[in-house]
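What the coordinates show
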There are 8 protein chains.
Amino acid sequence: MSYDRLSADNAAVVFVDHQTGLSNGVQDQSLPEYMTAVAALAKLTKAFNLPAIITTSAADGPNGPVLPIITQTLPDAPIIHRPGEINAWGNPAFVEAIEKTGRKKLIVAGVSTEVCVTFVALSAIKAGYDVYAVIDASGTWNKLVQEVALARMVQAGVVPMTWVAVAAELQADWRNVTGETLAQIMGLHLPFYGNLLGSFMAAKG
Amino acid sequence: MSYDRLSADNAAVVFVDHQTGLSNGVQDQSLPEYMTAVAALAKLTKAFNLPAIITTSAADGPNGPVLPIITQTLPDAPIIHRPGEINAWGNPAFVEAIEKTGRKKLIVAGVSTEVCVTFVALSAIKAGYDVYAVIDASGTWNKLVQEVALARMVQAGVVPMTWVAVAAELQADWRNVTGETLAQIMGLHLPFYGNLLGSFMAAKG
Amino acid sequence: MSYDRLSADNAAVVFVDHQTGLSNGVQDQSLPEYMTAVAALAKLTKAFNLPAIITTSAADGPNGPVLPIITQTLPDAPIIHRPGEINAWGNPAFVEAIEKTGRKKLIVAGVSTEVCVTFVALSAIKAGYDVYAVIDASGTWNKLVQEVALARMVQAGVVPMTWVAVAAELQADWRNVTGETLAQIMGLHLPFYGNLLGSFMAAKG
Amino acid sequence: MSYDRLSADNAAVVFVDHQTGLSNGVQDQSLPEYMTAVAALAKLTKAFNLPAIITTSAADGPNGPVLPIITQTLPDAPIIHRPGEINAWGNPAFVEAIEKTGRKKLIVAGVSTEVCVTFVALSAIKAGYDVYAVIDASGTWNKLVQEVALARMVQAGVVPMTWVAVAAELQADWRNVTGETLAQIMGLHLPFYGNLLGSFMAAKG
Amino acid sequence: MSYDRLSADNAAVVFVDHQTGLSNGVQDQSLPEYMTAVAALAKLTKAFNLPAIITTSAADGPNGPVLPIITQTLPDAPIIHRPGEINAWGNPAFVEAIEKTGRKKLIVAGVSTEVCVTFVALSAIKAGYDVYAVIDASGTWNKLVQEVALARMVQAGVVPMTWVAVAAELQADWRNVTGETLAQIMGLHLPFYGNLLGSFMAAKG
Amino acid sequence: MSYDRLSADNAAVVFVDHQTGLSNGVQDQSLPEYMTAVAALAKLTKAFNLPAIITTSAADGPNGPVLPIITQTLPDAPIIHRPGEINAWGNPAFVEAIEKTGRKKLIVAGVSTEVCVTFVALSAIKAGYDVYAVIDASGTWNKLVQEVALARMVQAGVVPMTWVAVAAELQADWRNVTGETLAQIMGLHLPFYGNLLGSFMAAKG
Amino acid sequence: MSYDRLSADNAAVVFVDHQTGLSNGVQDQSLPEYMTAVAALAKLTKAFNLPAIITTSAADGPNGPVLPIITQTLPDAPIIHRPGEINAWGNPAFVEAIEKTGRKKLIVAGVSTEVCVTFVALSAIKAGYDVYAVIDASGTWNKLVQEVALARMVQAGVVPMTWVAVAAELQADWRNVTGETLAQIMGLHLPFYGNLLGSFMAAKG
Amino acid sequence: MSYDRLSADNAAVVFVDHQTGLSNGVQDQSLPEYMTAVAALAKLTKAFNLPAIITTSAADGPNGPVLPIITQTLPDAPIIHRPGEINAWGNPAFVEAIEKTGRKKLIVAGVSTEVCVTFVALSAIKAGYDVYAVIDASGTWNKLVQEVALARMVQAGVVPMTWVAVAAELQADWRNVTGETLAQIMGLHLPFYGNLLGSFMAAKG
C-alpha cells in the first residue's frame, strides 16, 4: 500500500448512524471519550471544508436522531435516511451522494463499528475507494467487538485511523490557514492539548 | 479480498463443541457474555433458516452434551458426534454434512476458539470455502489464547466476525421478512437494544 | 456488626429505578452481566416470596419504564412512581410501602448505584433498618463510580452483597422447599452452574 | 455516621489546584472523563448557588492557571493563591474564606487526589467539618494512587463521592427550581443522559 | 484490633467446598493462580501440622468431589459432607469438628468467596473466633463478586489474607524447623521464588 | 498460507532461553500461567516423542540455568549453550542441531518473546522452515512488548500458537496412542480440564 | 483518627527487604513504577534528613542485596540483617534501632507488601506507633495480594500512603528549605512533573 | 518479508517530537515506562554509534523542548526544528539529514505514535526505506490510539519493535565490544535485568 495522504481536496467524511439511541450502546470506550471524538470529527470536517454525508438507520424509531453536535456543526451536509438498508452502500441515494462529492478517499465513522462502519468500508473498498475508518469516532458494544471489527477491516485493506491522525494528516502543516481553528478543536477535544496551550500562554504572559 | 456478503442463501452455520463441560472453561470473556452470544447465534440460524451442522467431541464424556439452547433452537440440525477427531474436518460424516448444505460460506463458532474453531476454519479455507469465525459466540481459556487464535485465523484468511455482524449482514435490510424476529433476538441478547426498544415504545405510548 | 442472616421471614426487596432508559447507562459491568443479575434478583424475590417494592423515577419520561423482567416476575409488587424525589425515601408512599412489609432488613438494588441505591440505603440505615446493597444487580456509569459508591455505603454500615450471596443466605439449606426453584434460577443466571448441572445429569445418565 | 444530606443551604465547594499544568498529570482516569467531571462540578456549584472557594498552588509557575472552565463558570468565587503551602488549610486566607461561607459541609475536589484533596479533607475533618471528596472531579498520577487516597480518606471519615451523586443529593427533587438546569448539565457531562433525552424528545415528537 | 499473630499452635484451617465442579466457576483470578494457591494452602497446613477441617456441599452431585490435591495432602483431615446446609456453620458436625481442634483462630478458604467463605467467616466471628479469610486460595464468579465479598468480610472484622502471608506468619522465623519445607512449597507455588532459588544455587555453584 | 498441520512426524520443538533468571522478568502474563504453559510444552514434546533442542544464553551468568521442568522432562534433548549469540540461529551448533532433526516445522517458545523467540523465528522462516511460535509458553517484560512481538512475527509469516493448540494439532485424534498421556497433561496444566475429568469420573462412579 | 501530619521532626523511614532478588517478584505494578517509587522514597528520606532503618532478610541468600539506590542514597542508615525473622519486629536489634530514632511515626515500605510491610506495620501499631505504609514504594506478587494487604492494614489502623503524599506532607510548604531538592526528586521520579518544569522554563526563556 | 537484521552499520535512529509538553499527553502506557524506554533508546543510539536525527514540532511553543535525556545523550545529533510540517518527511532539511546518514534502515520513535511516528514511517516506506517503529519508546493519548496506529503501520509494512528488541538485534552477540555498555543500559532501564545482575554478583561474591 503506497502512502497517499488525506487532504482537504481528496477526501470526504461519512457519518454512519451516529444516533442518540445507538450511541448509548457504545461500551468499547468510555462514553465521554466516544462523544468527544465524534464531535471533533464533525468540527474537523467543517474546518477543512470537507464534503460530508450523514446517514441514519430508522431515525424516527428507537435508534433516535443524529447526535445534535453533528447536525449543528454540519448543517449543510446531506442526510440520507435509510428506511431499512443496514449497509448504507445498499441505498442508492447514499451512493449517489458519495459519488457526487467526487472524492475517492472516504473517512468513515459510525455506530456500530462492526456493522455500520465495516459494511460501508468493505463496500467502498470493493467500489474502488480508499477507505479510512476512524475507530475512536466510532463505537460498539464492547472491546472484543471493536477488536474483531478492526481486524476484519485491516484484513480487507481499510486504513485504521483515529481522529487526531485524521486531523494531522489533513492539516499537513500548522502554518496552513486552518491551523488556528484546528488548535482550538484539539484544545477542546484532546484536553491534554488544551491544558498545554493554557499553561504555555500563562507562562509567556 | 473482495466483499461478498453473507446471505441466507449462501451460508451455513457450524457449531463446534459448544458443550456444557467445555463451556465452563471459557474465560476469554465473561460467561454471561459468551452464553448470550451462543444463544443468539443459534436463534439467528433458525431465523434465517440457514443450514446448521452441530458437532461434538466425546459428548458422552467429560466434555458434556451440547448446550441445550442450541439443540432446542435447532432440533433438526444434524449432530455429528466425533468419536475422537479433534479437527472436525477429519471426520468424513462432518465434511459430508457440510457438503450436503451446498453452501460455500461457513459461519463457524465453538469451544475452544484456538482448537475446535481454528482447525475447522483452516481446513475449510484449504478446501475452498469462505470462512467466517464468530469470536464472541466462541470461547477459550483466557484472553491471550483468544488474541493468538484471532491472529492465526486472520493470517490464514478467515474473516473475523461477531454475532451482531453476522445478523446484520444476513438481514441486509430491516424491511426483509426476518426483521421482526431479528429485532426480538437482538432485544434479548444485546440487552442495550432491548432497553432501547422498551424506552421507545413507552415514549410513543 | 453481629451476623444475623437474611431469611424469607425477615427481609424485603427494594428495586429502585431499574428502568429501561437508565439501564442503558450502566457501564460498571457489562450489560449482559447486569441484566442477568437483575433478572435473578427478581426471580429470587418471587421464589422466596419476599415482599417487594418497586419504585421509579419519572417513568413516563426518558428514564423509561421498569425493566419488564421485574414487573413480569413480580406482578403484585407495588410500584411507587416518584414524581420527582431522587431519594425514594423522600417519598411518603414509598416509606409507607416499606413499613407495611413489617420487615427490618432491606435488600436494595437499582440504578444508579451511587444515587438511587446509596441514598435509599443511607436513609434506611438512619431509619433503623439493616440494609444489604446488591452491587451486581445494581449499575452505574463506570467502574470508578461503583467503587466510590461501595466505599460510601460500607463506611455507613450498609452490608455489600451480590445476588448469589443473597440467594444462598435466603436458601440456607438446599433441602428447603425452594431448593429446586433456586437451582433453576442459578442454572440460568449463573451460567457456569447451569452447565455444571447439565454435565452432571448427562454423566449420571 | 448519620446520613445528613448535602443541600444548597449547608454546603460549600472547594476547588483545590485544578490547574492546567497539574491536570496533565492526571492518569487515574482518562483525561476526557476527568475534565468533564470537573466542568460538571463547577456548573453544579453555580446552578445551586453554592459558595465556592478556589485555591491554587504556585499558579504563576509550572502548575499553571486554574482551568478556565472553573473561573469562567464561577467568576465571583474567591481565588486563594497559595505562595507555598501544599495543604491549603495551612493558608490563613483560605481557612478564612471557608469560614466566611458559614457552611459546615465541604465538597472538595482537586489535583492531586492524595495530596491536595486529602490534606484539605483531613484538616477539615479535624476542624469539625463534614467533608465530601469528589473522586471523579479529582485526579492523580495513576489508579493505584487513587485507590490509596480513597482508602486513606475513608479511614479518616471523609465521605467519598462522585459528581453525579453530589448533583443528585443537592437537587433532592427534580421538581425543585434547579431541575431544568441540572438536566442540561447532566445531558452534557454524563453523555448517556443527554442521548437519552434526545431520543425521548424525538420519540415524543 | 490488636495484632496477635497466627501460629502453628493457635490456628486451624478450614477448606470449604473446594470441589472440582465449583472450582470451574472461579473467574475472579485465573484458574492456574487459584489452583496453585489452594494447593499451597493445603501443603502449608500439613507442613505446620495444623488441624484441618474439610467440608463439602453435595459432593456426590454436580459440585463434585474435593480437589484431590487437598485430600491427598491432608489424608487425615476430617471431611464433613453437608447434605444441604449452605453455611457450614449450620452443620453441627462441622462446628463440633472446629471446636474439637481447640483452636480459636480459623484460617478459612473456599469456593465461593462470597457464600461459602463469607458465611462461615461471619458465623465464626459471631461465635467468638478470630477469622482469617485467604482470598487467593478462595475463588468466585468474577472480580466484582470478590471485591464485594472482601468488603463485607472486612466490615465484619474478618482479617483478609493471602496464602503467602499465612505461610510467613506461621513460619515466623526461617530458622524454625519447617523452614526447608516451606521454601520448597514456596518454590513451587510462588514460581518467582523457585526461580530465584534456582538461580542462586547455580550462581553459588 | 495453506493449512498443513503439525504432527509427531514433521515437527521439532525449540526451547530458547527458558532460564530461571530470565523467567523472573516475565510480566506479560502471570507467572503461574507462564510456568504451567512451559511445563506443558515440555511434557507434550515428550509425549509425542518430538525432537527437541534446548538452547541457553550465558547460563552460567545471571540468566541462570534452564528451568528444571524442561531438563527433567527432556533429559536427552541436546542443550546448546550459546556463549554470546543473542539470536540462536547465529550459533552453528544450534542450526546443526535443528537440521539434524530433519524436521521442517519448528515449534518455538522462549524468553523473551520479542528477542529470543522472534529472532529465531524470523531466521528460521528465512531458512525455509515453517515456524510456530507458542506465545503462552513464552514470556516477556510486559503486555505491550508481547503485542508488538506477536504483530512482528505474524507480519513475517510466523504462525502464532498457544500450547493447547499445539497439543491438539499433534494429537489429531483422541484415540491415538498418546491420548491418555495428553489427557493427564491437560488435566494438570489446563486445570479446568482436570476439574472436568474429576467431576465426570465421580459422577460416573 | 485525628490528622497529625508527618514532619521531618516526627517521622522515621523503614525500608524492609527491598532486595534485588525479592524485587524481581514484584508484579502488582510495573517494575519501572515500583523502582522509581523506591528510589524516590530513599531520596526523600535523605532530603528531609529523616532517620532511616534498613533491614534485610537473608541478604546473602537468594533474596539478594539491598537495592543499590537505597544504600547509595542513605550510606549512613543502619542495616539490620535479619538471620531468619520474617517480621522484622521480631528482631531485637531492629526494634532497638527504631526506638533509637525517638520517632513515633514510622513510614514503612518494602517487599512484599502483605508480609514484610504488613507484619512490621501491625507490630508497630501494637507497640504504639503511628504507621504509614507506602504502597507504591512497596511491591508484591500480583494486584490481588496488594488489594488484600491494603485492606488488612487499613482495617488495623495503618495509614495508607504513596510516595508523593509522603513528600508533600513532609515538605508542607514549598518555600521551606528542602523545596528545591524536592522539586528535583519529583522532576525525576514523577516524570510528568519534570516535563512540566522543562516546558515552563523553556516558555519563560 | 525477508529477515535482514538491524546492525550498527545499516541503521539510523529518528527521534520525532519527543518534547516535554507532548510527552505529558502520553497515556497509552505509564509515564515511567515511556520515559525509561525513550532514555534507553537514546543511550542505545550512542552505544552503537548510530547516526541519529532529532526533529521537533514548534519547540518554542507549547510542545516544549526536546526531552533533555535525548539531547544530553546525543549532543552531536542534528536537530531539525520544523516550523510547521506535521509529517517530518515534508521538511526538506529533515529528509536531507536522513539521506546524509546513508542508512536504508530507519528506527523511528516519537510522540504521538499515530501522527509523528506513523507519518514519518509511511513516508519513509514510500521512499524505499525499511522502517522499524519502536512502540514503547513512542507514546500517544490512550491505548486505543496505540492499537490503531500499530495496525496501520503493520498494514503498511512497517516493522513493529520495542527498545529491547532493537538493542538485542543491534548487539547480535554479547561478546561484541558494546556488550558491557549495553548490559549497563539494560540494567538501568529494564530494571528486572539490573536486579538480576545485582543478585548474581552478590551470589558470586
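Residues numbered from 1 in each chain as written. Chains lettered and ligands numbered in written order. Predicted model: local features only at pLDDT ≥ 70, side-chain atom pairs only at ≥ 80, totals over all residues. Heavy atoms only, no water.

An unreviewed UniProt entry lists chain A under the name Hydrolase, with Pseudomonas reinekei as the source organism.

**Quick notes on the overall build of chain A**
Each helix and strand in chain A was counted, giving nine helices and six strands. Its C-alpha atoms put chain A at 55 × 35 × 35 Å along the principal axes. Taking the contacts inside chain A whose residues are at least 6 apart along the sequence as the reference set, 79% of them involve residues at least 24 apart. The average position of the 13 basic charges and that of the 17 acidic charges among the side chains of chain A differ by 5 Å. (Helix = DSSP H or I, 4+ residues; strand = E, 2+ residues; numbered from the N terminus. Contact = heavy atoms within 4.5 Å. Lys, Arg positive; Asp, Glu negative; His and termini not counted. Charge placed at Lys NZ, Arg CZ, Asp CG, Glu CD.)

**Quick look at the interface of chain A and chain H**
Listed per partner, the contact involves 34 residues of chain A and 29 residues of chain H. Overall, the association of chain A and chain H removes approximately 2600 Å² of surface from exposure, summing both partners, and the carbon and sulfur fraction of that is 67%. Three residues stand out in chain A for area buried against chain H, namely Tyr3, Phe192 and Leu196 of chain A, and they jointly supply 24% of the buried area on that side. Notably, a salt bridge pairs Glu169 of chain A with Arg152 of chain H, separated by 3.1 Å at the nearest N-O pair. The tally of links between chain A and chain H comes to eight residue pairs in polar contact (both at pLDDT 80 or more). For the side of chain A that touches chain H, the secondary structure elements donating two or more residues are α6 (143-155), β6 (159-161), α7 (163-171) and α9 (191-204) of chain A. By residue number, the principal contributor to the side of chain A that touches chain H is α9 of chain A, which donates six residues. (Buried area = accessible area lost by both parts, 1.4 Å probe. Salt bridge = Lys/Arg side-chain N within 4 Å of Asp/Glu carboxyl O. Polar contact = N/O pair within 3.5 Å; in protein donor to acceptor, adjacent residues only side chain to side chain.)

**Notes on the relation of the copies chain D and chain H**
Superposing chain D onto chain H takes a rotation of 180 degrees combined with a translation of 0.0 Å along the rotation axis, leaving an RMSD of 0.0 Å. Such a combination of turn and shift is consistent with a two-fold rotation axis. When C-alpha positions in chain D are compared against the rotation axis, the closest is assigned to Asn24 of chain D, at 3.1 Å. Of the residues that chain D buries at the interface, 100% are likewise interface residues in chain H, meaning the two copies contact each other through the same surface. (Least-squares fit on C-alpha atoms with pLDDT ≥ 70 in both.)

**Let's talk about helix α2 (residues 31-47) of chain B**
In this model α2 of chain B runs 24 Å from its N-terminal to its C-terminal C-alpha over 17 residues, within 8% of the 24 Å that 1.5 Å per residue would give. The first or second residue beyond α2 of chain B is Asn49 of chain B, which carries a positive phi of 55 degrees. (Expected span 1.5 Å × (residues − 1).)

**A short note on the sheet that holds strand β4 (residues 105-110) of chain G**
Residue and element names in this part refer to chain G. As summarised here, the arrangement of the six strands in space is β3-β2-β1-β4-β5-β6, forming an open sheet in which the pairing is parallel. Each end of this open sheet is capped by a strand with a single partner; those strands are β3 (79-82) and β6 (159-161). Strand-to-strand twist in this sheet, taken as the mean axis angle between neighbours without regard to direction, amounts to 25 degrees. Of the strand pairs in this sheet, strand β2 (residues 52-57) and β3 are connected by four bridges, and their pairing is parallel. Residue pairing for β3: Ser57 is matched across the bridge by Arg82. The strands touched by helix α7 (residues 163-171) within the sheet are β4, β5 (130-134) and β6, with β6 carrying the most contacts at an inclination of about 105 degrees. (Pairing = 2+ DSSP bridges. Axes fitted to C-alpha atoms, helices over the stretch in contact; angles between N-to-C directions.)

**Looking at the packing of aromatic side chains**
One pass over the structure, following the stated rule, counts 34 aromatic pairs over all chains. Centre to centre, the rings of Phe192 of chain A and Tyr193 of chain A are 6.4 Å apart; their planes meet at 65 degrees, and the pair counts as edge-to-face. Arranged with centres 6.0 Å apart and planes meeting at 75 degrees, the rings of Trp89 of chain E and Phe94 of chain E form a pair that is edge-to-face. Just as Trp89 of chain E is buried, Phe94 of chain E falls in that class too. In textbook terms, an aromatic cluster arises when at least three aromatic residues are bridged by ring pairs, as seen for Trp141 of chain A together with Trp174, Phe192 and Tyr193 of chain B. If you follow Lys104 of chain E out to its NZ or CZ, it ends over the ring of Tyr129 of chain E, 4.0 Å from the centre. (Phe/Tyr/Trp six-rings, centres within 6.5 Å; stacked < 30°, edge-to-face > 60°. Buried < 20%, exposed > 50% of the residue type's maximum accessible area, 1.4 Å probe, protein only. Lys NZ or Arg CZ within 6 Å of the ring centre and 35° of its normal.)

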